[in-house]
Number of protein chains: 2
Amino acid sequence: METWDAITARRNVRVFQDRPIDPADLDRILEAGRRTPSSRNSQPWDFVVTTDRARLTELAKVWQGAGHVAGSAATIGVVTAASDDARHREFVAFDHGQAVMAMMIAAAGMGIGSAHGWVVDQDQARQVLGIPDDRVLSWVVSFGYPADRALQPVKQPKRKPFEEVVHREQW
Amino acid sequence: METWDAITARRNVRVFQDRPIDPADLDRILEAGRRTPSSRNSQPWDFVVTTDRARLTELAKVWQGAGHVAGSAATIGVVTAASDDARHREFVAFDHGQAVMAMMIAAAGMGIGSAHGWVVDQDQARQVLGIPDDRVLSWVVSFGYPADRALQPVKQPKRKPFEEVVHREQW
C-alpha cells in the first residue's frame with residue numbers, strides 16, 4: 001500500500017478476524033519497531049511477540065482496556081528497563097510512541113489493523129511473558145485483520161480541525 | 001512510495017538541499033500529525049510550521065543539537081500545555097512520539113528527509129514562535145530534501161540485531 005494510504009487507513013481496530021498473520025509479515029512489523037530512532041540511539045526496548053491464544057487471553061488482563069489483545073492474531077509487548085527517573089521515563093515514552101506508530105503504520109501498509117493499550121498489572125505481565133524483575137511491560141500492541149471492514153483511507157477522522165491545530169509561521 | 005520502503009528509507013537527515021517543500025506536501029505531513037491517535041483522543045498538540053529562513057535560523061537556537069533546523073526547508077514545532085504532572089507528561093510524550101513518527105514517515109513517503117530535536121530554551125521558542133505562556137515547545141522536527149543522497153531503503157540500520165530485541169512468546 002502507498003505510504004499516504006497506510007497513514008490515513010490506520011485506525012484503532014479492536015475486533016479481529018480469526019485469521020493468522022503470516023510470520024514474514026509479523027517479522028516486518030517487528031522490524032519497523034527495531035528500526036525506530038531513539039534518544040542517542042539507546043533503543044530502550046525489547047519486543048515480546050505472542051500468537052498463542054491461551055497466552056493472549058491472559059495477556060489481555062494487564063489492563064481493563066486491553067481486552068482487544070485476547071482476540072488479536074498477534075500482540076507485541078514493548079518492554080523496557082524499570083526506572084524511578086521521571087525525566088528519563090518521559091524520553092523513553094517518546095521513543096516508545098515512535099516505535100509503536102512505526103509498527104502500526106507498517107501493519108496498515110499490509111492491511112493489518114492494530115490497537116494499543118497501556119499496562120497496569122505488571123505482575124500479570126511478568127507471569128504471562130516471563131519478563132525479568134528489572135523490566136516493565138510498557139505497552140501492548142495488538143494486530144490482526146479487522147473483523148468489521150478492510151482498512152481504507154479514513155476521510156473524516158475524529159480530530160480537531162486542521163486549521164485549529166496548525167499555526168503558520170507563528171502561533 | 002510503498003509504505004515499507006518509506007519506513008526503511010527514513011533516516012535522520014540533518015543537511016538539506018536549498019529547495020522548498022511544495023505547500024501541499026507540507027500540509028500532508030501536518031495532516032499525518034493531526035490524525036495521530038492519542039490517549040482518550042486528547043490530541044495534546046498544536047503544530048507551528050515555519051519556512052521563513054530568518055525564523056528558522058532563530059528557531060535552531062532552542063537546543064544545541066537543533067542546528068539542522070536552520071537549513072531545513074520547513075520545521076514543525078510540536079507545542080503542548082505546560083504541566084507539572086510527571087505522569088501526565090509521560091503520556092503526552094508517548095503521543096508526541098507517535099505524531100512525530102507519523103509525520104516523518106509521511107515525509108519519507110514523498111522523498112523528504114527529517115530530523116527531530118529536543119527543546120531546552122523555552123524563552124527563545126516563545127520569542128520566535130509566539131507561543132503562549134501556558135504552553136511549551138516540546139519538539140522541533142525539520143524537513144527537507146537530503147543534501148547528500150535521495151532517500152532509499154537502508155539495508156543495515158545501526159541497531160541491535162533483530163534476534164536480540166525480539167522475543168517469541170516469552171522473554
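Please read all numbers here as calculations on a predicted model, not as lab measurements.

K.L.:
So, the overall build of chain A: which residues are in play, and what are the values?
P.N.:
The number of helices and strands found in chain A is six helices and five strands. From first element to last, N terminus to C terminus, chain A shows the α and β order α-α-β-α-β-α-β-α-β-α-β. Relative to the compact-globule value of 16 Å for 171 residues, chain A shows a C-alpha radius of gyration of 17 Å, a close match. Summarising its shape, the C-alpha atoms of chain A cover approximately 45 × 40 × 30 Å along the three principal directions. Summarising the internal contacts of chain A: among those between residues at least 6 apart in sequence, 77% fall at separations of at least 24. The positive charge centre, built from 21 side chains, and the negative charge centre, built from 22, are 5 Å apart in chain A.

K.L.:
I'd like a description of the nonpolar core, backed by residues and values.
P.N.:
Among the nonpolar cores identified, the biggest contains 79 residues, and Phe-47 and Phe-143 of chain A together with Phe-143 of chain B are the most heavily contacted of them. When residues of this core are assigned to their parent elements, the largest contribution, 13 residues, is made by helix α4 (residues 86-108) of chain A. Setting aside anything within four residues of it in sequence, one finds Phe-47 of chain A in contact with Leu-30, Gly-33, Arg-34, Ile-76, Gly-77, Val-78, Ala-99 and Met-103 of chain A together with Val-165, Val-166 and His-167 of chain B.

K.L.:
Describe helix α5 (residues 122-129) of chain B, listing the residues and the values that go with them.
P.N.:
Residue and element names in this part refer to chain B. With six of eight residues buried, α5 is to be regarded as a mostly interior element. Taken together, the buried positions of α5 are occupied by Gln-122, Gln-124, Ala-125, Arg-126, Val-128 and Leu-129. Packed against the buried residues of α5 are β1 (46-50), α3 (53-59) and β4 (135-144). Measuring from the side-chain oxygen of the N-cap residue of α5 to the backbone nitrogen of Asp-123 gives 3.2 Å; that N-cap residue is Asp-121. Two residues or fewer after α5 comes Gly-130, characterised by a positive phi angle close to 70°.

K.L.:
I'd like a description of the side chain of Arg-10 of chain B, backed by residues and values.
P.N.:
Tracing the chain through its elements places Arg-10 of chain B in the loop between α1 (3-9) and α2 (23-34). Buried charge without a salt bridge: Arg-10 of chain B, with Asp-95 of chain A as the nearest opposite-charge side chain at an N-O distance of 10 Å.

K.L.:
Go over the interface of chain A and chain B, please, and point to the residues and values.
P.N.:
Accessible area lost upon the coming together of the parts is a frequently used measure of interface size. Opposite the 74 residues of chain A that make contact, chain B presents 74 residues. Taken together, the two surfaces of chain A and chain B that pack against each other cover about 6,700 Å², and 57% of this comes from carbon and sulfur. The three residues of chain A that bury the most area against chain B are Arg-35, Glu-169 and Trp-171 of chain A, which together make up 13% of that side's buried surface. Connecting chain A to chain B are six salt bridges. Taking the shortest distance from any N to any O, the salt bridge between Glu-90 of chain A and Arg-89 of chain B comes out at 3.0 Å. Where chain A meets chain B, there are 48 residue pairs in polar contact (both at pLDDT 80 or more). Class assignment of the residues belonging to the side of chain A that touches chain B gives a composition of 35 nonpolar, 18 polar and 21 charged.

K.L.:
Account for α2 of chain B, naming residues and giving values.
P.N.:
Residues and elements named next belong to chain B. The terminal C-alpha atoms of α2 lie 16 Å apart, and with twelve residues this matches the ideal 16 Å at 1.5 Å per residue to within 8%. Residues of α2 that are buried: Leu-26, Ile-29, Leu-30, Glu-31, Ala-32, Gly-33 and Arg-34. At the N-terminal end of α2, a side-chain oxygen is found 2.9 Å from the backbone nitrogen of Ala-24, two or three residues along, and the residue is Asp-22.

K.L.:
Can you tell me about the packing of aromatic side chains, naming the residues and giving the values?
P.N.:
Scanning the model with the defined rule gives ten aromatic pairs over all chains in all. Residues Phe-94 of chain A and Trp-139 of chain B carry aromatic rings whose centres are separated by 3.8 Å and whose planes lie at 20° to one another, so their mutual orientation is stacked. Taken together, the residues Phe-94 of chain A in helix α4 and Trp-139 of chain B in strand β4 connect one chain to another. Just as Phe-94 of chain A is buried, Trp-139 of chain B falls in that class too. Taken together, the ring pairs in this structure connect Trp-63, Trp-118 and Trp-139 of chain A together with Phe-91 and Phe-94 of chain B into an aromatic cluster. Directly above the ring of Tyr-145 of chain A sits Arg-19 of chain A, whose terminal nitrogen or CZ lies 3.6 Å from the centroid.

What counts, and at which threshold
Residues numbered from 1 in each chain as written. Chains lettered and ligands numbered in written order. Predicted model: local features only at pLDDT ≥ 70, side-chain atom pairs only at ≥ 80, totals over all residues. Heavy atoms only, no water. Helix = DSSP H or I, 4+ residues; strand = E, 2+ residues; numbered from the N terminus. Rg over C-alpha atoms; globule rule 2.2 N^0.38 Å. Contact = heavy atoms within 4.5 Å. Lys, Arg positive; Asp, Glu negative; His and termini not counted. Charge placed at Lys NZ, Arg CZ, Asp CG, Glu CD. Core = buried A, V, L, I, M, F, W, Y, C linked by side-chain atoms within 4.5 Å. Buried < 20%, exposed > 50% of the residue type's maximum accessible area, 1.4 Å probe, protein only. Polar contact = N/O pair within 3.5 Å; in protein donor to acceptor, adjacent residues only side chain to side chain. Salt bridge = Lys/Arg side-chain N within 4 Å of Asp/Glu carboxyl O. Buried area = accessible area lost by both parts, 1.4 Å probe. Nonpolar A, V, L, I, M, F, W, Y, C, P; charged D, E, K, R; others polar. Expected span 1.5 Å × (residues − 1). Phe/Tyr/Trp six-rings, centres within 6.5 Å; stacked < 30°, edge-to-face > 60°. Lys NZ or Arg CZ within 6 Å of the ring centre and 35° of its normal.

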